[in-house]
There are 2 protein chains.
Amino acid sequence: MAKGITKRSEDYAAWYNDIVKKADLAENSPVRGCMIIKPYGFAIWEKMQAAIDKMFKDTGHSNVYFPLFIPKSFMSKEAAHVEGFAKECAVVTHYRLKNADDGSGVIVDPEAKLEEELIIRPTSETVIWSTYKKWIQSYRDLPLLLNQWANVVRWEMRTRLFLRTTEFLWQEGHTAHATKKEAEEETLKMLDVYATFAEKFMAMPVLKGVKTETERFAGAVDTYCIEALMQDGKALQSGTSHFLGQNFARAFDVQFATKEENLDYVWGTSWGTSTRLMGALVMAHSDDNGLVLPPKLAPIQVVIVPIYKKPEELADIRKVAEQMKSQLQDKDISVKFDDRDTYKPGWKFAEYELKGVPVRLAVGPRDLENGTVEIARRDTLEKSVISIEGVISHVQNLLTEIQENIYRKAFNFRETNTIQVDSYDEFKAILAERGGFVLAHWDGTKETEEKIKSETMATIRLIPLHPENEKGRCIYSGKPSDCRVVFAKAY
Amino acid sequence: MAKGITKRSEDYAAWYNDIVKKADLAENSPVRGCMIIKPYGFAIWEKMQAAIDKMFKDTGHSNVYFPLFIPKSFMSKEAAHVEGFAKECAVVTHYRLKNADDGSGVIVDPEAKLEEELIIRPTSETVIWSTYKKWIQSYRDLPLLLNQWANVVRWEMRTRLFLRTTEFLWQEGHTAHATKKEAEEETLKMLDVYATFAEKFMAMPVLKGVKTETERFAGAVDTYCIEALMQDGKALQSGTSHFLGQNFARAFDVQFATKEENLDYVWGTSWGTSTRLMGALVMAHSDDNGLVLPPKLAPIQVVIVPIYKKPEELADIRKVAEQMKSQLQDKDISVKFDDRDTYKPGWKFAEYELKGVPVRLAVGPRDLENGTVEIARRDTLEKSVISIEGVISHVQNLLTEIQENIYRKAFNFRETNTIQVDSYDEFKAILAERGGFVLAHWDGTKETEEKIKSETMATIRLIPLHPENEKGRCIYSGKPSDCRVVFAKAY
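Residues numbered from 1 in each chain as written. Chains lettered and ligands numbered in written order. Predicted model: local features only at pLDDT ≥ 70, side-chain atom pairs only at ≥ 80, totals over all residues.

1. Focus: helix α2 (residues 39-58) of chain A
Residue and element names in this part refer to chain A. Taking 1.5 Å as the rise per residue, α2 with 20 residues should run 28 Å; its terminal C-alpha atoms sit 28 Å apart, in good agreement. Residues of α2 that are buried include every one of Gly41, Phe42, Ala43, Ile44, Trp45, Met48, Ile52 and Phe56, and no others. Two residues or fewer after α2 comes Gly60, characterised by a positive phi angle close to 90 degrees. (Helix = DSSP H or I, 4+ residues; strand = E, 2+ residues; numbered from the N terminus. Expected span 1.5 Å × (residues − 1). Buried ≥ 20, exposed ≤ 12 C-beta atoms within 10 Å, placed from the backbone.)

2. Points about the sheet that holds strand β17 (residues 302-306) of chain B
All names here are of chain B. Strands sit in the order β18-β17-β19-β20-β21 across an open sheet of 5 strands; the sheet is mixed. Two strands close off the open sheet at either side, each with one partner strand: β18 (335-337) and β21 (383-387). Strand-to-strand twist across the sheet, computed as the mean angle between neighbouring axes with direction ignored, equals 25 degrees. Relative to β21, strand β20 (residues 372-377) runs antiparallel, the two sharing 5 bridges. Across the sheet, Ala376 pairs through a bridge with Lys383, a residue of β21. The strands touched by helix α9 (residues 311-330) within the sheet are β17, β18 and β19 (359-363), with β17 carrying the most contacts at an inclination of about 170 degrees. (Pairing = 2+ DSSP bridges. Axes fitted to C-alpha atoms, helices over the stretch in contact; angles between N-to-C directions. Contact = placed C-beta atoms within 7 Å.)

3. Observations regarding the interface of chain B and chain A
Facing 52 residues of chain B, the contacting portion of chain A comprises 52 residues. For the side of chain B that touches chain A, a count of residues per class yields 31 nonpolar, 12 polar and 9 charged. Strand direction decides the pairing type here: strand β5 (residues 91-94) of chain A and strand β5 (residues 91-94) of chain B, joined by 3 bridges, are antiparallel. Within β5(B), the residue paired with Val91(A) across the bridge is His94(B). (Nonpolar A, V, L, I, M, F, W, Y, C, P; charged D, E, K, R; others polar.)

4. Regarding the relation of the copies chain B and chain A
Structural alignment of chain B on chain A gives an RMSD of 0.0 Å, achieved by rotating through 180 degrees and translating 0.0 Å along the axis. Put plainly, the chains are arranged around a two-fold axis. Minimal C-alpha distance to the rotation axis in chain B is attained by Val92(B), lying at 2.1 Å. When the interface residues of chain B are mapped onto chain A, 100% of them are again interface residues, pointing to one common binding face. (Least-squares fit on C-alpha atoms with pLDDT ≥ 70 in both.)

5. A short note on the packing of helix α2 (residues 39-58) of chain B against helix α6 (residues 180-201) of chain B
Residue and element names in this part refer to chain B. The interhelical angle for the contact between α2 and α6, taken along N-to-C directions, is 140 degrees, at an axis separation of 11 Å. Crossing hand, α2 versus α6: right-handed. Facing Ala51, Ile52 and Met55 of α2, the residues of α6 in contact are Val193, Phe197 and Phe201. Residues belonging to the contact of α2 with α6 are distributed by class as follows: 6 nonpolar, no polar and no charged. (Left-handed = near helix turned anticlockwise from the far one by under 90°.)

6. Comments concerning the pairing of strand β12 (residues 222-229) of chain A
Residues and elements named next belong to chain A. Of all 8 residues making up β12, 7 are buried, and the element is well covered by its neighbours. Here 4 bridges tie strand β11 (residues 207-210) to β12, and the two strands are oriented antiparallel to one another. Bridge pairing in β12 links Lys208 to Ile226. Pairing of β12 with strand β13 (residues 235-245), which is carried by 8 bridges, proceeds in the antiparallel orientation. Residue pairing across strands places Cys225 opposite Thr240, the latter belonging to β13.

7. Section: the domain arrangement of chain A
How large an interface is tends to be reported as the accessible area lost when its parts come together. Residues and elements named next belong to chain A. We note that the domain assignment places domain 1 (2-285), domain 2 (295-405) and domain 3 (418-488) within chain A. One C-alpha centre belongs to domain 1, the other to domain 2, and the line joining them spans 38 Å. The element best represented in the side of domain 1 that touches domain 2 is α2, accounting for 5 residues. Split by residue class, the side of domain 1 that touches domain 2 holds 10 nonpolar, no polar and 3 charged. (Domains from an automatic or database assignment.)

8. What to know about the sheet that holds strand β19 (residues 359-363) of chain A
Two orientations exist for strands paired in a sheet by backbone hydrogen bonds: parallel and antiparallel. Residue and element names in this part refer to chain A. Taken together, 5 strands build an open sheet; the order of strands is β18-β17-β19-β20-β21 and the sheet is mixed. Each edge of the open sheet is held by one strand with a lone partner, namely β18 (335-337) and β21 (383-387). Neighbour to neighbour, the strand axes of the sheet diverge by 25 degrees on average, direction disregarded. Across 5 bridges, strand β17 (residues 302-306) lies against β19 in parallel orientation. Looking across to β19, one finds that Pro306 is bridged to Val363.

9. Details of the pairing of β20(B)
Residue and element names in this part refer to chain B. Alignment of β19 against β20, held across 4 bridges, turns out to be antiparallel. Paired with Leu361 across the bridge in β20 is Ile375. Counting the residues in the hairpin turn of β20 and β21 gives 5 residues, including Leu381, whose phi is positive at 65 degrees.

10. With respect to the environment of Trp45(A)
All names here are of chain A. Mapped onto the secondary structure, Trp45 falls in helix α2. Since 22 C-beta atoms lie within 10 Å of it, Trp45 is described here as buried. In the structure, Trp45 is positioned 254 residues away from Pro299 in sequence and 9.5 Å away in space, judged by C-alpha atoms. The residues touching Trp45, leaving out its near neighbours within four places in the chain, are Ile37, Thr275 and Met278.

Here it is, written out as structure tokens:
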């Protein structure tokens, strides 16, 4: 198809990589596993950040910044946390280079060895809770509702642009509360913020639920998550919200004087989303022609392409185009008028299709005569000719319709690919043939979960928050079960 | 004074630290030399970022993200750059920890040693130009006008909150151009953006100029800067813009086909400002009562404090206060109504004075009777009682006036403390007694510059962009000089 994009039906992974690279979202860097986020990709990320950040602030959170470095000893303080995070991480051991004696360049100065090694943060619970100890003495200091936008590093062996990279960008919320109830409410509130963002902005339907013990965040009492279904039938975890109980408060000795003048450990939560959402956005909606962007996250919502042969024609078109542009901008719609003479209209059409610009307007001399403009929508690739009179409100309505249509399409895809099964044979067959979310009974044991995973590659994505009250028998062990859980192969 | 802030006249450095800590801007972290930026400090930084970022976008720049890690060998490619930056930096040598055999915690896994060490970026020219080589083939690919907001690390021995920290936040612009002229214009354009930001938003007057060779960015042909004068008579470099010539293009072999179909090396610029600006902001305007913020960067521009004894009184005040708040918010003014009953009005007054909130409104029962409100401005500490009728437009005008007054005060301070001298004795006396910007003739040699520095601690902050055409003789060597340069002791 367009510009040498592999078809999804041929090789889904290659299709994904083609879109990310050819739509100028990101590329691999000279450092293994790290990515370069290119201007167009970063503009989408900035729109995501702005929307999420506003939702955080509207729910009472403030931004802060904690250091990149974590002393090695901090990682050992929470027993489960160290098992989960202290292993594959970047370790700073020295603080100086010097010229090599043979003039070949610079070498690490052996005399500049740190007394205690520093870890590049894989997540910041430890450094933040060590600070909360200083900030929290009394119930009056609570709640603390903080978030940071930061880069983190997890030394991954197999990486894929956006989906799994050694360094990635994310936000991590870290809150502290006087009561268990309040912390639990916060955990679920932020899960809702993530779900709302995914659905309203990314146009991506998500399931909400709680993770099994196996899939839980290292150091959490409970991990809640949102899970989206990609077009290849695999699940993608798109945000997690952790109820930490008093685990980190105990590890870092963060106690407070309660209203009743007792001492108690502080209750905590943490929650995060990352540039992984960019991968989800690409895979949720795009097609064999390129990226498909929901209007709310599109850096360019409308592109105007002039169709002309002679310079005089361009001059006439420009007048109309600039007027449309400024009227659309007055409605807070971002518009690009691409009057470059170095590229032909057909090339531009393919380019903006590839980059997922939701609406394209084309204006030629005949349109000027007739008072019309050609309008094309990226999601359905439909074209029509409309009167230039009503173009502004037409575009406004169309952007809303595209946003809704993309969501509806993804929702219908998920509904079609969410299947209830009652036997392990059926379970295996569906996962092997088409994937999707598979709702099945499970006996609640780690052993069964692991066996199913090793035999089918499917994991329990979540236990629904509000399961239907349907008793049944585990598809693997036949033991009794209180509700169906959601299985899928996952990114 | 207020809340135990050291007076400027007693100990300026202690005063600065007191303000930063007591106004909740930042504090030291458990990791040596790294800071924690607290919610109130970060809210100011976010306002700075938003204003600067908009100016970048309005001048055609896009944001991107390049990796945190730089392969050690990259640092050696530009000869001057390696001397300046490859020395005091954080070096990642390993990518895994493991449990210690004695159960004492985690240790670095000696088997997980990197083949090539990675440097935490002290600045990103090397990794960016190594990528530009892939992105630039023809003049059609130029200019590239990119910027990134990122954290960087320079291993500093002596650190001070905001002013000099091992890790800091900054933005770094990196542009690539087809001609020398265009790159030089870009360098000066971004210097102007910085100067405009400092003056219009920070209310901080700056001098613009070019650095001497000694003070130049490692790898640049010319470094331009803006310099501001702090209240203790020391200069603070507040932004730099570098004309890189073809240095990094040569180091990373970035050539392009010109319009005339020749091959040429690409011309480059880079420019940056950092959280150091937070330190400048504190020192430029604050007083012995605490922070003084220009309204354009104040997270809270107006605070409303109720004065009451009985709950009924608060209920009446609340009606009026909430109405004022919403009317002010309609004018895009950020307002806080502090109705906490855990603190008394006097405590709140001191608190908002300490935090530099530009305007304070106080409303009590008698004000309700009289239709008045007490209004206090932070910059002059003046109070007056005004009719509640005109309060909205009064506040609007007052915010503008405060912004201008703060600037004027800083401007007058700088004018008073900018002194022209013609003898080395006078030069030394002024620097020893009062500091300030000292305009003096210099013979243009590195030797003289170094001798003056070692004898007086003063450095050449800049050579003016448009010097007055006044010939003279170097205050140190007596040799001829074409213009005066600006000396000062500096942060």
